[in-house]
Amino acid sequence: MARQKKQPVDNAFALFDVIYQDGARTSNRKVPTTDIDQFDRENSIRTYIEAQDRKIAEMSGNPRGPIKSITPSA
């Protein structure tokens, strides 16, 4: 009896630097490549990072300001 091979899982991440309206900066924010919409790339990345920020703010009680810009990490 032959074993069936498992489908490969895409565990790749894209890294982004985020600058907020207040001048704060976070580096190397991970976004799974499976969550990046190729047709609306910027909006899908922003949506994912904003969801991360809401979760972090909920846990820490320290909310983030609005995002000014998102750039790929070097």
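See above for the structure.
Bear in mind that the values here come from a model prediction, so they are computed numbers and not experimental data. (Residues numbered from 1 in each chain as written. Predicted model: local features only at pLDDT ≥ 70, side-chain atom pairs only at ≥ 80, totals over all residues. Heavy atoms only, no water.)

A.B. asks: Explain the pattern of salt bridges here, please?
C.D. replies: Close approach of charged atoms allows side chains with opposite charge to pair. Per the counting criterion, the structure on display carries 2 salt bridges. The partner of D17 in a salt bridge is R25, with the nearest N and O atoms 3.0 Å apart. Among the ionic pairs, D53 bridges to R29, the shortest N-O distance being 2.8 Å. Placement of D53 in helix α1 (residues 41–60) and of R29 in strand β2 (residues 25–32) is noted, with a sequence separation of 24 residues between them. Of the two residues, D53 and R29, both sit in the buried class. (Salt bridge = Lys/Arg side-chain N within 4 Å of Asp/Glu carboxyl O. Helix = DSSP H or I, 4+ residues; strand = E, 2+ residues; numbered from the N terminus. Buried < 20%, exposed > 50% of the residue type's maximum accessible area, 1.4 Å probe, protein only.)

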